[in-house]
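Residues per chain, in single letters:
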Amino acid sequence: MDKLKQYIDENREAFDELPMPDGHQTRFEKKLMQSRKHTLREFSFYGALLAACVALFFLLRFSLTIVPEDEATQSHIYAGCGMSQEIHDLQLYYTMQMNELVLQLQAYDKKNIPGTRELLDEMNQVLYDNSEFEETILPVLPCSDAAIFAMSRHYGASLESLQIMLNQLQQMK
């Protein structure tokens, strides 16, 4: 390789004086334009990919943590009910328990363990089901021990599911 470089350096003037073949300039310009189009297409693709990653980050960061409703919102659901504070406290307790498990499960997202993504998708489904329960079923439950029992069963099943997922992730580690 050094001999070739030396030969080119010594005979540089001869290379500069050689005429280009016919059509070489147009072929070169055509390839250059295609390269620019390809670069623009790649830039657009990577820009869209970056935007999707940022959107996914914010979605995961802010949607997976369960935020309990404030007391003012809860109080109108069970207005006139003597058990409203108990129901609110029970919901807060289970929400805190689930948040703790969710944070432990999310810690596994950064590790490249096969099957982790599927378990985290299932975790998201459990969280979605809980939000649906809180929005649709919880407000129509009667103000009674039956409502507290239903809440305990639902949240208990959700906690058990999340705990099973966490145990599976810990075993796969």
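All values reported here derive from a predicted model rather than from experimental measurement. By convention here, each chain's residues receive numbers from 1 onward along its written sequence. This being a predicted model, a pLDDT of at least 70 is required before a residue's local features are given, and a value of 80 or more before pairs of side-chain atoms are given or counted; all residues contribute to the totals for chains, interfaces and linings. The basis for every side-chain value is the complete set of non-hydrogen atoms in the structure, without hydrogens or water.

1. Remarks on the overall build of the protein chain
In DSSP terms, a helix is any run of H or I states spanning at least four residues, a strand is any run of E spanning at least two, and both are numbered starting from the N terminus. Each helix and strand in the protein chain was counted, giving 7 helices and 0 strands. Put simply, the protein chain runs from its N terminus to its C terminus through helices and strands in the order α-α-α-α-α-α-α. For every residue, the accessible area (1.4 Å probe, protein chains only) is compared with the maximum for its type, and the residue is labelled buried under 20%, exposed over 50%, or partly exposed between those bounds. In the protein chain, which comprises 173 residues, the share counted as buried stands at 23%. Across the protein chain, contacts joining residues at least 24 apart in sequence account for 71% of those joining residues at least 6 apart. For the protein chain, the computed accessible surface area is about 12800 Å², with 60% contributed by carbon and sulfur atoms. Only heavy atoms enter the contact rule, under which two residues are in contact if any of them lie within 4.5 Å. Residue exposure ignores everything except the shown protein chains as possible cover, and the areas themselves are Shrake-Rupley values with a 1.4 Å probe.

2. Re the nonpolar core
With 26 residues, the main nonpolar core has Leu-105, Met-123, Met-151, Tyr-155, Leu-162 and Met-165 as its most contacted residues. Of all elements in the fold, only α5 (84-107), α6 (116-137) and α7 (145-172) reach the threshold of two or more residues within this core. Among the elements that make up this core, the one with the highest residue count is α7 (9 residues). If near-sequence neighbours (up to four positions away) are discounted, Met-165 is found in contact with Leu-105, Leu-119, Glu-122, Met-123 and Val-126. Buried Ala, Val, Leu, Ile, Met, Phe, Trp, Tyr and Cys residues that are joined via side-chain atoms within 4.5 Å together make up what is termed a nonpolar core.

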